[in-house]
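These are the residues of each chain, in order.
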Amino acid sequence: MRFRLERIALIVFFSCSTLSSSLVTAQAQPGPGQVNACNFLTSLLNTSIYLLVETRGSQIANVASDNLLAYNALIALCRGVYPGWGQGINASITGHCCNHGYDNMHEATFGKPISLPIPAANTYNVTDRFPSRLWKVYYENHNGTVFLSDAQYGDVAAYNVLELEREGNHAAALHELTLLNWMYDGHGIQDDVFRFSTKPEEHGIYQTFKSALYVLALAKTHQKISSELVWTLRSMQGSDGGFYTGYDINGSHSMTQENVETTSIAMFAIRSTPGWIKRDRGYVAFANLTITPPDNGFVQVHPNFGNDDVWTHNFTTTAVFDNRTLIGNQTLTLDPGDYANLPQWRLNVTLDPYIPHTITVTYGNATEVHRFPALLTKSCSWFECYGSIGFAPVPVLLTALPLTALLLAAVFLYRRSRRSDPKEEKNPDALNDSRRT
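First, a word on scope: everything that follows refers to the structure included in this document. What you see is a predicted model, and the numbers here were worked out from it, not measured in a lab.

Quick word on the sheet that holds strand 5 (residues 122-125)
Two strands in a sheet stick together by hydrogen bonds in their backbones, pointing the same way (parallel) or opposite ways (antiparallel).
(1) Moving on: Taken together, 3 strands build an open sheet; the order of strands is 4-6-5 and the sheet is mixed. Taken across any chain shown, the strands that pair with only one partner, and hence form the sheet edges, are strand 4 (60-62) and strand 5. Going across the sheet, the axis of each strand differs from the next one's by a mean of 25°, ignoring polarity.
(2) Moving on: In this sheet, strand 6 (residues 136-141) lies alongside strand 4 in parallel orientation, the contact comprising 3 bridges. Pairing of Ile60 across the sheet is with Lys136, part of strand 6.

What follows is the structure, given as structure tokens:
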């Protein structure tokens, strides 16, 4: 039987394991890494004012950024762990002052709008609005008369990226991201605070929350994320679940302590990455590649992603045909032990038998390229030449470490590659905004 070459359908399935449909839709509780972070946040709750103090032993509670970030992290990322705690903190804030704690900067972390450019902050003592007794309560609001420089401060650049992407201005968000790419040195963000601060806890010290914001900005703009950066971020989590505020070039955080702001931002950042972004070779993913030849004239992709990591993750996956035509795109959330079953994506195509074709699937920091060789001068159809191999899926091992080329069953050349970290150059002469005050 002859199949018309232009009417071949390719169906690509990606699966971490064979699961029943009931497991695909199962809801899982947050994993231990996430639960520990939730425990750290709630351990700092002062029940007299129903706010978190900034760090252990502190008598200061910051409405923004600390409690603003923390109550949103508790609501969004700690479901099933501490029901109502985040809502309780929000109720305390709104019942006493401060418009949910919004400060026109930090709410961009969890997708709320802010105005650009970002003004400098004013800090208000709002202790008398709470039954605080010995505790001090402050509220930071970015409503100043001068603007913060994204060219000097990595966190400001990241918040700009998040807002521009939220507005749908992807090109502007990517342009802004070049500032962070320029600041990132393979370990963390080298902004003016890192280079010029006279404070020993800041000069030459990478700020963990800025590394986390960089991860979040890359994830939200669908860029590749260095697994080394993610590993460094995760290594900042202490045994009690909190994240240390900074680290040196050797990864030591001994000179810093854990606090609410850093922990909350790190939680949002880690959630934005796929579960198998790992430095450890013990963490891998499996995929099945299947090709079937019904005479339907479309390309169809059906990816499944499994997550047995210790964190909930949120990321976007995309499939592209021949590096130019979008097959499908979707953002999904995976809980530990959960499996996300994406809808099948379809694309009508005409396959040229004399050139190779590709399907490229991206997810988080990973890119999988599946190449289908050309028929060259053979007179048979693709299916007739290569047979019904697709009815017996062949497992392929994907690792998050080496960028290697694998030969799949002597029929398909499978290559899993990851883009290198962005190394955009920035003209230093353009970095001339005034310093933050």
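On we go.
Description of the layout of surface pockets
(1) Moving on: What the largest pocket holds in volume is close to 1,200 Å³.
(2) Moving on: Along its surface, the largest pocket is lined by 35 residues, and Glu140, Glu202, Gln207, Phe209 and Glu261 are the ones closest to its centre.
(3) Moving on: Within the residue set of the lining of the largest pocket, elements represented by two or more residues are helix 3 (63-77), strand 6, helix 8 (208-220) and helix 10 (260-271).
(4) Moving on: A per-class count over the lining of the largest pocket returns 10 nonpolar, 14 polar and 11 charged.
(5) Moving on: As for the second largest pocket, its lining consists of 21 residues, of which His222, Gln223, Thr316, Thr318 and Thr362 are closest to the centre.
(6) Moving on: Of all the elements in the fold, those that place two or more residues in the lining of the second largest pocket are helix 8, strand 11 (313-321), strand 12 (325-334) and strand 15 (357-363).
(7) Moving on: Looking at the lining of the second largest pocket, the element that brings in the most residues is strand 11, giving 5 residues.
(8) Moving on: The residue inventory of the lining of the second largest pocket, partitioned by class, reads 6 nonpolar, 12 polar and 3 charged.

A short note on the pattern of salt bridges
(1) Moving on: Enumeration over the complete set of coordinates arrives at 4 salt bridges.
(2) Moving on: Of the charged contacts, one joins Arg56 and Asp240 as a salt bridge, the two residues approaching to 3.1 Å between their closest N and O atoms. Of this pair, Arg56 sits in the loop between strand 3 (51-52) and strand 4 while Asp240 sits in the loop between helix 9 (227-235) and strand 8 (246-247), and the two are 184 residues apart along the sequence.
(3) Moving on: Asp240 sits in the partly exposed class, given a relative accessible area of 25%.
(4) Moving on: Put simply, Arg195 and Asp192 hold a salt bridge, and the shortest N to O gap is 2.9 Å. Of the two residues, Arg195 and Asp192 both sit in helix 7 (residues 192-196), 3 residues apart, roughly one turn of that helix.

Some thoughts on the nonpolar core
(1) Moving on: Residues Leu41, Val63, Tyr159, Leu180 and Met267 are the most contacted members of the largest nonpolar core, which totals 80 residues.
(2) Moving on: What Met267 contacts, discounting residues up to four positions off in sequence, is Gln34, Ala37, Cys38, Leu41, Ala73, Leu77, Cys78 and Trp311.
(3) Moving on: Grouped together as the second largest cluster of nonpolar side chains are 14 residues, Phe321, Trp345, Val361 and Phe372 included.

Rules of the game
- Residues numbered from 1 in each chain as written.
- Predicted model: local features only at pLDDT ≥ 70, side-chain atom pairs only at ≥ 80, totals over all residues.
- Heavy atoms only, no water.
- Pairing = 2+ DSSP bridges.
- Helix = DSSP H or I, 4+ residues; strand = E, 2+ residues; numbered from the N terminus.
- Axes fitted to C-alpha atoms, helices over the stretch in contact; angles between N-to-C directions.
- 1 Å grid on protein atoms, 1.4 Å probe; cavity = no way out; pocket = protein on both sides within 12 Å on 5 of 7 lines; lining within 4 Å.
- Points joined across faces, edges and corners; volume = space filled by probe spheres on them.
- Nonpolar A, V, L, I, M, F, W, Y, C, P; charged D, E, K, R; others polar.
- Salt bridge = Lys/Arg side-chain N within 4 Å of Asp/Glu carboxyl O.
- Buried < 20%, exposed > 50% of the residue type's maximum accessible area, 1.4 Å probe, protein only.
- Core = buried A, V, L, I, M, F, W, Y, C linked by side-chain atoms within 4.5 Å.
- Contact = heavy atoms within 4.5 Å.

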